Amino acid sequence: MKCPHDQSNLEKVVYEADVEIDRCPKCNGIYLDQGELKKIQEVEDIDYSGKLGGAINREARKFNMERQLDEQKLSCPKCSTKMVKQVHSEDSLIVVDICPSCHGLWLDKGELKALEIFAENQRLAGSSSSKMGSLWQGIKSFFD
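Definitions and cut-offs
Residues numbered from 1 in each chain as written. Predicted model: local features only at pLDDT ≥ 70, side-chain atom pairs only at ≥ 80, totals over all residues. Heavy atoms only, no water. Helix = DSSP H or I, 4+ residues; strand = E, 2+ residues; numbered from the N terminus. Buried < 20%, exposed > 50% of the residue type's maximum accessible area, 1.4 Å probe, protein only. Contact = heavy atoms within 4.5 Å. Areas by Shrake-Rupley, 256 points an atom, 1.4 Å probe, with all protein chains shown as cover. Pairing = 2+ DSSP bridges. Polar contact = N/O pair within 3.5 Å; in protein donor to acceptor, adjacent residues only side chain to side chain. Salt bridge = Lys/Arg side-chain N within 4 Å of Asp/Glu carboxyl O. Core = buried A, V, L, I, M, F, W, Y, C linked by side-chain atoms within 4.5 Å. pLDDT = per-residue confidence, 0-100.

Engineer: Would you mind going over the overall build of the protein in detail, with residue names and values included?
Structural biologist: The helix and strand inventory of the protein stands at three helices and six strands. In the protein, the succession of α and β elements from N to C terminus is β-β-β-α-α-β-β-β-α. Classification of the 144 residues of the protein by burial places 33% in the buried group. When contacts within the protein are restricted to residue pairs at least 6 apart in sequence, those whose partners lie at least 24 apart make up 47%. Summed over its atoms, the accessible surface of the protein is roughly 9,000 Å², and 52% of this surface lies on carbon and sulfur atoms.

Engineer: For the pairing of strand 2 (residues 20–23), give the residues involved together with the corresponding values.
Structural biologist: As judged from the four bridges shared by strand 1 (residues 11–14) and strand 2, these two strands associate in the antiparallel manner. Looking across to strand 2, one finds that Val13 is bridged to Ile21. The antiparallel hairpin formed by strand 1 and strand 2 contains five residues in its connecting segment, where Ala17 sits at a positive phi of about 60°. One ladder, built from two bridges, connects strand 2 with strand 3 (residues 30–32); its direction is antiparallel. From the neighbouring strand, Asp22 faces strand 3, where its bridge partner is Tyr31.

Engineer: Quick rundown of the side chain of Glu36? Include the residues and the values.
Structural biologist: With respect to the helices and strands, Glu36 occurs in helix 1 (residues 36–42). Within the structure, the side chain of Glu36 is placed 2.7 Å from the backbone nitrogen of Asp33, a separation counted as a polar contact. Setting aside chain neighbours within four positions, we find Glu36 in contact with Val19, Glu20 and Tyr31.

Engineer: Requested: an account of the pattern of salt bridges, with residues and values cited.
Structural biologist: Enumeration over the complete set of coordinates arrives at six salt bridges. Ionic pairing is found between Asp97 and Lys85, a salt bridge with its closest N-O pair at 2.8 Å. Of this pair, Asp97 sits in strand 5 (residues 95–98) while Lys85 sits in strand 4 (residues 84–87), and the two are twelve residues apart along the sequence. Lys85 shares its class with Asp97; the two are buried. Connected through salt bridges with shared partners, the residues Lys12, Glu20 and Asp22 form a single ionic network.

Engineer: Pulling in residues and values, what's your account of the nonpolar core?
Structural biologist: Formed by 13 residues in total, the largest nonpolar core has its most connected members in Ile21, Leu32, Leu37, Ile40, Leu107, Leu112 and Leu115. The leading source of residues in this core is helix 3 (residues 111–143), at three residues. Listed in part, the ten residues of the second largest apolar core include Leu10, Tyr31, Cys76 and Trp106.

Engineer: I'd like a description of the confidence of the model for the protein, backed by residues and values.
Structural biologist: The pLDDT averaged across the protein works out to 81; a share of 75% of its residues lies at or above 70. When pLDDT is averaged over each helix and strand of the protein, the minimum, 63, is found for helix 3 and the maximum, 98, for strand 3. Of the regions scoring below 50 in pLDDT, residues 128–144 engages in zero contacts with residues more than four places distant in sequence or in other chains.

This is the structure we're talking about:
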């Protein structure tokens, strides 16, 4: 497979959760087959705890997101179909390129790390709110 940016041959690299990803040696972009991002995000092999809960520059991220959405569409490294640019989630402001044919993802340099940190922050926020809910239920039942 070739990098959609610079046509370098993608290298197979084993990443988190023993997922084999395809990485460009020049631009460090990453191609993920369908389902690989989910597998990676389900484990926490890489410790991002020092980066969790930190403030992000939302204005800069939003500007970057809008810039990326206006860029030319990439060709899928796997099947050559034109990929669709899509915001991963409204809160993340991270743009990914998705192949409508084979459902693979192209992530530019740093986007996989940003997606992992986002997912871990979401888990942290979810566990905090469920702990608060349990605490509140305990307090409420004490007074009932």
